[in-house]
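Understanding the architecture of this molecule
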Amino acid sequence: NAGVTQTPKFQVLKTGQSMTLQCAQDMNHEYMSWYRQDPGMGLRLIHYSVGAGITDQGEVPNGYNVSRSTTEDFPLRLLSAAPSQTSVYFCASSRQGFTTEAFFGQGTRLTVV
Amino acid sequence: GEDVEQSLFLSVREGDSSVINCTYTDSSSTYLYWYKQEPGAGLQLLTYIFSNMDMKQDQRLTVLLNKKDKHLSLRIADTQTGDSAIYFCAERSLYGGSQGNLIFGKGTKLSVKP
């Protein structure tokens with residue numbers, strides 16, 4: 001059981017480039033979300049989805065797009081990378097319901113130069 | 001809006017108890033969580049507590065909740081060097097722009113000295 005898989009693990013981009021961070025889960029979870037982690041800032045929610053075809057913005061959505069065409073996949077797109085997007089990105093998934101555990105991927109460390 | 005506050009650092013000696021504190025603002029929070037992050041890894045759920053409870057114990061971990069003061073604490077008994085990590089407090093509320101999602105504190109870095 002793979003859980004939540006994020007690719008790539010590391011990425012260096014030049015300012016202005018675009019890229020997609022991949023996230024896949026094999027647990028048939030309804031909820032999926034993207035967080036970014038910055039030193040001293042904790043984890044901040046970027047975008048989330050409560051099911052296929054449904055997405056919504058979190059706390060820091062600017063500069064990012066998401067889509068949820070299947071239950072399993074929730075890619076995060078950086079449209080035009082900026083140095084302020086240098087961060088560690090985590091994808092999480094969980095079943096619907098508040099008692100359920102959120103499972104996290106191992107993270108993608110992104111550097112924008 | 002929702003906000004979760006934690007102190008950033010805690011240092012203890014091996015064998016002592018560690019107490020990590022957290023305050024939150026959202027009175028509609030139904031569940032509160034403690035996650036652990038080891039270096040270079042993702043987050044792992046340690047324990048959670050429902051807002052109508054005031055204490056939960058799980059082996060070396062004790063969670064205390066003071067709902068009136070919106071204060072949550074995690075006590076680790078007999079702290080070991082393997083407990084060195086960042087500990088995140090998180091809440092999950094019914095309302096707000098991130099409905100149903102986890103709102104995290106900034107994390108407390110626990111250092112355990114031998």
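Numbering of residues begins from 1 in every chain and follows the order in which that chain's sequence is written. Chain A is the first chain written and ligand 1 is the first ligand written, with later ones labelled in order. Predicted model: local features are reported for residues with pLDDT of at least 70 only, side-chain atom pairs are reported and counted for 80 or more only, and whole-chain, interface and lining totals are derived from all residues. Only hydrogens and water are set aside; all other atoms, that is, all heavy atoms of the structure, feed into the side-chain values.

1. Side note on the overall build of chain B
When its secondary structure is counted, chain B shows 0 helices and 11 strands. Secondary structure elements are taken from DSSP: a helix is a run of H or I of four residues or more, a strand is a run of E of two residues or more, and numbering for both begins at the N terminus. The linear arrangement of helices and strands in chain B, starting from the amino end, is β-β-β-β-β-β-β-β-β-β-β. We get accessible surface area from the Shrake-Rupley algorithm with a probe of 1.4 Å; when it comes to residues, only the shown protein chains can shield them. Per element, the accessible surface of chain B, about 5,500 Å² overall, is 49% carbon and sulfur.

2. Here's the deal with the overall build of chain A
The secondary structure content of chain A amounts to 0 helices and 11 strands. Secondary structure of chain A in N-to-C order comes out as β-β-β-β-β-β-β-β-β-β-β. Atoms considered for the radius of gyration are the C-alpha atoms alone. The globule rule reads 2.2 Å times the number of residues to the power 0.38. Its C-alpha atoms give chain A a radius of gyration of 13 Å, near enough to 13 Å, the size a compact globule of 113 residues would have. Along the longest, intermediate and shortest principal axes, the C-alpha atoms of chain A span 40 × 30 × 25 Å. Residue burial in chain A is summarised as follows: out of 113 residues, 48% are buried. The criterion used for residue contact is that any of the two residues' heavy atoms lie within 4.5 Å. Nonlocal contacts in chain A, meaning residues at least 24 apart in sequence, comprise 53% of its contacts between residues at least 6 apart. Split by element, the accessible area of chain A, about 5,300 Å² in all, is 50% carbon and sulfur. Side-chain charges in chain A split into 8 positive and 8 negative, and the spacing between the mean points of these groups amounts to 10 Å. Each residue gets one of three labels from its accessible area relative to the maximum for its type: buried under 20%, exposed over 50%, partly exposed in between, using a 1.4 Å probe on protein chains only. By the counting scheme adopted, Arg and Lys are positive, Glu and Asp are negative, and His together with the chain ends is not counted. A charged residue contributes its charge at one atom only: NZ of Lys, CZ of Arg, CG of Asp or CD of Glu.

3. Some details on the sheet that holds strand S1 (residues 4-6) of chain B
Sheet strands pair by backbone hydrogen bonding; their relative direction is either parallel or antiparallel. Residue and element names in this part refer to chain B. Across the sheet, which stays open at both edges, the 5 strands sit in the order S1-S3-S8-S7-S6 with antiparallel pairing between neighbours. Only two strands of the sheet have a single neighbouring strand rather than two, namely S1 and strand S6 (55-58). This sheet shows a mean twist of 15 degrees between the axes of neighbouring strands, independent of strand direction. Pairing geometry for S6 and strand S7 (residues 61-66), over 4 bridges, is antiparallel. Bridge pairing in S7 links Gln57 to Thr62. By the convention used here, strands pair only if DSSP detects at least 2 bridges between them. For helices, the axis comes from a line fit to the C-alpha atoms of the stretch in contact; other axes are also lines fit to C-alpha atoms, and the angle between any two N-to-C directions lies between 0 and 180 degrees.

4. Some remarks on the sheet that holds strand S3 (residues 19-25) of chain A
Residue and element names in this part refer to chain A. Judged by pairing direction, the sheet is antiparallel, and its 4 strands sit side by side in the order S1-S3-S8-S7 without closing on themselves. The open sheet has two free edges, formed respectively by strand S1 (4-7) and strand S7 (64-66), since each of these has just one partner strand. Going from strand to strand, the sheet's axes swing by 20 degrees on average, the running direction of each strand aside. By the bridge criterion, 4 bridges tie S1 to S3 in an arrangement that is antiparallel. When the bridges of S3 are listed, Val4 appears paired with Gln25.

5. A word on the packing of aromatic side chains
Working definition: a ring pair exists when centres of Phe, Tyr or Trp rings (six-membered ring for Trp) sit within 6.5 Å. Plane angles under 30 degrees give stacked, over 60 give edge-to-face, the rest tilted. Tallied over the entire structure, the rule returns 11 aromatic pairs over all chains. Judged by centre distance (6.0 Å) and plane angle (70 degrees), the ring pair of Phe104 of chain A and Phe104 of chain B falls under edge-to-face. Note that Phe104 of chain A is positioned in strand S10 (residues 103-104) and Phe104 of chain B in strand S10 (residues 102-104), a pairing that runs across two chains. Assigned by exposure class, Phe104 of chain A and Phe104 of chain B land together as buried.

6. Brief notes about the pattern of salt bridges
Salt bridges are defined as contacts in which a side-chain nitrogen from Lys or Arg sits within 4 Å of a carboxyl oxygen from Asp or Glu. Counted by the stated rule, this structure contains 5 salt bridges over all chains. Across the salt bridge formed by Lys36 of chain B and Glu38 of chain B, the nearest N and O atoms sit 3.2 Å from each other. Where salt bridges share partners, they join Arg36, Asp38 and Arg44 of chain A into one cluster.

7. Remarks on unusual backbone geometry
Between Thr7 of chain A and the following residue, Pro8 of chain A, the backbone shows a cis peptide bond with an omega angle of -10 degrees. Of note, Gln59 of chain B is a non-glycine position whose phi angle comes to about 55 degrees, a positive value. Along the polypeptide, Gln59 of chain B turns up in the loop between S6 and S7. On the accessibility criterion, Gln59 of chain B (76% relative accessible area) is exposed.

Fair warning: the whole summary comes from geometry, so function is off the table for now.
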